[in-house]
Amino acid sequence: MSEHRFELKAAWSGGLDGTGHLRSGQLNTAISVPKELDGPGVGTNPEELLLAAAATCYLITLGMLLKRQGITAIELNSEILVQSNPAMKVEQIIHRPRIAVPSDTSHEQLDKIRKAAYRAEMTCMISKALKGNVEVSVEPEITHQSVE
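Described below are features of the structure shown in this document. Every residue gets a number counted from 1 within its own chain, in the order that chain's sequence is written. Note on the predicted model: pLDDT of at least 70 is required for a residue's local features to be given, and 80 or more for side-chain atom pairs to be given and counted; whole-chain, interface and lining totals, by contrast, use all residues. As a convention, hydrogens and water are excluded, and side-chain values are obtained from all of the structure's heavy atoms.

## Quick notes on the state of the cysteines
Here is step 1 of the chain: Note on disulfides: each one is a pair of cysteine sulfur atoms within 2.5 Å. Tallying each qualifying case throughout the model produces one disulfide.
Here is step 2 of the chain: For Cys57, the disulfide goes to Cys124, at an S-S distance of 2.3 Å. Taking the torsion about the S-S bond as the criterion, the Cys57 to Cys124 disulfide, at about 135°, is right-handed. Linking Cys57 in helix 1 (residues 46–67) with Cys124 in the loop between helix 2 (107–123) and helix 3 (125–130), this pair joins segments that are 67 residues apart in sequence. In terms of burial, Cys57 and Cys124 fall into one category: buried. By definition, any uninterrupted DSSP run of H or I lasting at least four residues is a helix, any uninterrupted run of E lasting at least two residues is a strand, and each is numbered from the N terminus. Throughout, exposure labels follow a simple rule: accessible area from a 1.4 Å probe, protein chains only, divided by the maximum for the residue type, with under 20% read as buried, over 50% as exposed, and the rest as partly exposed.

## Regarding the pairing of strand 2 (residues 19–24)
Here is step 1 of the chain: DSSP-based pairing: two strands are paired if at least 2 bridges between them are found. For strand 1 (residues 9–13) and strand 2, the ladder comprises five bridges, and the chain directions are antiparallel. Bridging across to strand 2, Lys9 finds its partner in Arg23.
Here is step 2 of the chain: What sits between the antiparallel neighbours strand 1 and strand 2 is a turn of five residues, in which Gly14 has the positive phi angle 105°.
Here is step 3 of the chain: Here strand 2 folds back onto strand 3 (residues 27–32), and the loop between the two strands holds two residues, one of which, Gly25, carries a positive phi near 55°.

Listed below in structure tokens is the structure:
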């Protein structure tokens, strides 16, 4: 088994109303508490970063699974629900993939595509890391595209 290390460097100034900066690989951004949680809303924030990690892991995993079905383009909208009272807690992440399939796609293949949408969430390493702490759900939308 190979071990891979990813490093992050960050700096912070201030309290809840402070700002900071982080760098990790290709990620280089300002950080702060979001305005929705009474922070300055500068750059990104932990909530967006967690959502981005979960969404990109899910999307890449789904892309690998759907490539086997001949699907190579997917769109994804994801949402994170954060409870702030009585204490800060991430309650749920919802992934809503939009998968366009040819109009002549069989029911059997549609079933495989739908199952892949759910399997991607179960096999994504970020979903596995969140398991037991955050509910992660999938609401796939499969649409038919015209064959030209």
